[in-house]
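The chain contents come next:
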Amino acid sequence: MARRPANRFVCQSCGAVFPKWSGRCDACGAWNSIVEETVEPTATGGTNARRRAGARINLVGLAGDTPPPPRIETRISELDRVLGGGLVPASVVLVGGDPGIGKSTLLLQGACALARLGRKVMYISGEEAVDQIRLRARRLGLEAPTLELAAAINVADIAATLEAEKDLALVVIDSIQTMWMETVESAPGTVSQVRASAFELIRLAKQRGFSLILVGHVTKEGALAGPRVLEHMVDAVLYFEGDRGHQFRILRAAKNRFGATDEIGVFAMTDQGLEEVPNPSALFLAERRGHIAGSAVFAGMEGTRPVLLEVQALLSPKAGDGGARRAVVGWDTGRLNMLLAVLEARCGIKLNTMDVHLNIAGGLRVGEPAADMAVAAALVSAATGQPTSAGSVYFGEVGLSGEIRQVSQPDTRLKEAHKLGFEQAFLPRRIARGNRKPSAPDGLGIQEIGHLGDLVSLFTGAMEGADA
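Residues numbered from 1 in each chain as written. Predicted model: local features only at pLDDT ≥ 70, side-chain atom pairs only at ≥ 80, totals over all residues. Heavy atoms only, no water.

Naming follows an unreviewed UniProt entry, where the protein appears as DNA repair protein RadA of Komagataeibacter melaceti. The UniProt entry for the protein carries the following text under Sequence similarities (unreviewed entry): "Belongs to the RecA family. RadA subfamily." (UniProt positions renumbered as here; feature names shortened; annotations may be inferred.)

### Description of the overall build of the protein
Along its length, the protein carries 12 helices and 21 strands. Taking the principal axes of the C-alpha coordinates as reference, the protein spans close to 95 × 55 × 55 Å. Looking at the protein as a whole, 47% of its 468 residues are labelled buried. The long-range share in the protein, meaning contacts at least 24 apart out of those at least 6 apart in sequence, stands at 67%. Put simply, the protein shows about 23,400 Å² of open surface, and 50% of that area lies on carbon and sulfur atoms. In the protein, which carries 51 positive and 51 negative side-chain charges, the distance between the mean positions of the two groups comes to 6 Å. (Helix = DSSP H or I, 4+ residues; strand = E, 2+ residues; numbered from the N terminus. Buried < 20%, exposed > 50% of the residue type's maximum accessible area, 1.4 Å probe, protein only. Contact = heavy atoms within 4.5 Å. Areas by Shrake-Rupley, 256 points an atom, 1.4 Å probe, with all protein chains shown as cover. Lys, Arg positive; Asp, Glu negative; His and termini not counted. Charge placed at Lys NZ, Arg CZ, Asp CG, Glu CD.)

### Quick look at the UniProt feature "binding site: ATP" (unreviewed entry) in the protein
In this structure's numbering, the residues bearing the UniProt feature "binding site: ATP" (unreviewed entry) are Gly97, Asp98, Pro99, Gly100, Ile101, Gly102, Lys103 and Ser104. Note that Gly102 resides in the loop between strand S4 (92–97) and helix H2 (103–116). On the basis of relative accessible area, Gly102 is assigned to the buried category, the value being 7%. When residues no more than four places from it in sequence are discounted, the contact partners of Gly102 are Phe240, Met269 and Leu274. Here Lys103 shows up in helix H2. Residue classification places Lys103 among the buried residues on the basis of a relative accessible area of 10%. Contacts of Lys103, omitting those with residues within four sequence positions, involve Val95, Gly96, Gly97, Asp98, Val215, Gly216 and Phe240.

### So, unusual backbone geometry
The step from Asp174 to Ser175 runs through a cis peptide bond, and the omega angle for that step is 10°. Its location among the elements puts Ser175 in the loop between strand S7 (168–174) and helix H5 (191–208). You will see that Asn32, though not glycine, has its phi angle at about 55°, which is positive. Its identity is not glycine, yet Arg75 carries a phi of approximately 65°, on the positive side. Here Arg75 lies in the loop between strand S3 (34–39) and helix H1 (77–83). For Arg75, a relative accessible area of 57% gives the class exposed.

### Here we look at the domain arrangement of the protein
Structurally, the protein comprises domain 1 (7–38), domain 2 (77–278) and domain 3 (283–458). On a C-alpha basis, the centres of domain 2 and domain 3 stand 37 Å from each other. Every contact between the two is made by 13 residues of domain 2 and, on the other side, 10 residues of domain 3. Both faces combined, the contact of domain 2 with domain 3 buries some 1,000 Å², and carbon together with sulfur accounts for 54% of it. In this assembly, domain 2 and domain 3 are joined by 2 salt bridges. One salt bridge connects Arg305 with Glu78, and the closest N-O pair in it is separated by 2.7 Å. Between the two partners, domain 2 and domain 3, sit 4 residue pairs in polar contact (both at pLDDT 80 or more). (Domains from an automatic or database assignment. Buried area = accessible area lost by both parts, 1.4 Å probe. Salt bridge = Lys/Arg side-chain N within 4 Å of Asp/Glu carboxyl O. Polar contact = N/O pair within 3.5 Å; in protein donor to acceptor, adjacent residues only side chain to side chain.)

### Examining the nonpolar core
Membership of the largest hydrophobic core comes to 60 residues, with the highest contact counts inside it found for Trp331, Leu343, Leu379, Tyr394, Leu452 and Leu455. Element by element, the count of residues in this core is highest for helix H9 (residues 372–384), at 8 residues. Counting only domains with at least three residues in this core, you end up with domain 2 (77–278) and domain 3 (283–458). By size, the runner-up hydrophobic cluster in this structure holds 35 residues, among which are Ile72, Val93, Tyr123 and Val215. (Core = buried A, V, L, I, M, F, W, Y, C linked by side-chain atoms within 4.5 Å.)

### Some points on the pattern of salt bridges
Enumeration over the complete set of coordinates arrives at 17 salt bridges. Two residues, Glu165 and Lys120, come together in a salt bridge whose shortest N-O distance is 2.5 Å. Here Lys120 lies in strand S5 (residues 120–125) and Glu165 lies in the loop between helix H4 (155–164) and S7, a separation of 45 residues in the sequence. Overall, the relative accessible area of 26% leaves Lys120 in the partly exposed class. The salt bridge involving Asp235 is made with Lys206; its shortest N-O contact spans 2.8 Å. With Asp235 in the loop between helix H6 (229–233) and strand S9 (236–241) and Lys206 in helix H5, this pair connects stretches of sequence that are 29 residues apart. Since its relative accessible area comes to 4%, Asp235 is described here as buried. The exposure class of Lys206 is partly exposed, given its relative accessible area of 40%. Through salt bridges with shared partners, a single ionic network connects Glu163, Glu200 and Arg203.

### Examining the sheet that holds strand S10 (residues 248–256)
The strand order across the open sheet formed by 9 strands is S6-S5-S7-S8-S4-S9-S10-S11-S12, and the pairing between neighbours is mixed. A single partner strand is all that each edge strand has here, and the edge strands are strand S6 (148–151) and strand S12 (273–276). Across the sheet, the mean angle from the axis of one strand to that of its neighbour is 25°, orientation sign disregarded. Bridge analysis of S10 against strand S11 (residues 264–270) gives 5 bridges, and the strand direction is antiparallel. By the bridge assignment, Arg252 is partnered in S11 with Ile264. (Pairing = 2+ DSSP bridges. Axes fitted to C-alpha atoms, helices over the stretch in contact; angles between N-to-C directions.)

### Quick notes on the pairing of strand S14 (residues 305–317)
Here is the key point about a regular strand: its side chains alternate between the two faces of the sheet. Note that strand S13 (residues 295–302) and S14 share 8 bridges and pair antiparallel. Residue Phe298 lies in a different strand from S14, and its bridge partner there is Leu309. Two successive antiparallel strands, S13 and S14, enclose a turn made up of 2 residues, where Gly303 displays a positive phi of approximately 70°. Two strands pair when backbone bridges link them, and S14 and strand S16 (residues 354–360) are joined in this way by 7 bridges, in the antiparallel orientation. Residue pairing in the sheet places Gln312 in a bridge with Asn359 of S16.

Here's what the structure looks like:
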């Protein structure tokens, strides 16, 4: 006896299934994300149904000669850097980002660049008509006569087209949330449709050997919308980040089976589209004003690339009887609270009655602990009113006892600082007393800091000398 279709309630944020509707998902905590979906029954054939006997799989040893995967360079060096050297045939890349951040622009530029090299590229959009894509390409000055465009959302039609094509190098699907399969009884963008559509497209990419790029929507929290299983199915997950108030856009890898996950690509949004920024440090510091209290330059690392950033701190008396405010842009609020506690407990800098505003200028978000000393220098400079030296950079991790801990790749940080004209670097003392002293370029002085109190004394000593 055939079973009737059953209904279930699925959270569109995490994919959790519930027997009835509720306003809040118990699994991920999202509100109004549970949607009713219809599940078609599958024929089981009863207890007497024949099942295919499993075949023994072949097992091999760990040792063996495996060449690195071939790469298809897009000739957009910042994109190739994040991908690990270029696109890998038969790989699947998921690109997410806020609406209007530039995902479609970047992928259209990459598709055109690859098509101009003689590769066969398809750009399939479920959100824009073909004429809209042509107008955008004309506005950006892109030319690629061999690039093939289509506006479609039916996965069955797309699959039939891809199976009939030969020598495909790249297929862009913009976006996966707009794809639709007739065999799934739910609306486009639901968990069932996204999972089924992505599985079919990924199967084709693996079978036919072309690279596949899927554009994904993000939630208001910035995470990729839809089930997390989608991120597990693909080979790489890239996030396109940036503040619309800044011209810079950051392409960051959250997952990459063929490369590192700590690389970033830096772009600048212009009227001609996205332009590569080969030296982001110079642009991040272009509008910096020296001899300003509350400013310090951090020598950071993003993957293999050194990046110099300006850390800005502003202190003001707290308003009202409530607690002091901690406003942070581009850094971790919890780490700022920890650093403020260390400054008060270990160095005697009382900031509990002050509102603290911290900003990483340029729109880049910093995650490495090496920024602790630069943030501390900016805070102490703002508290004492003594500007930091315009020619100094800072890097080092701060421990709870106030000690300055060593960080990775000091030589690369110092070389970048020297290249941009800085004259002095403040770094952890434990690095210089380790097995190998960092090699500072000629003309760049090194100031070793062993404890956060030593850094504070540089500002308080200068303040006392000015009073005298």
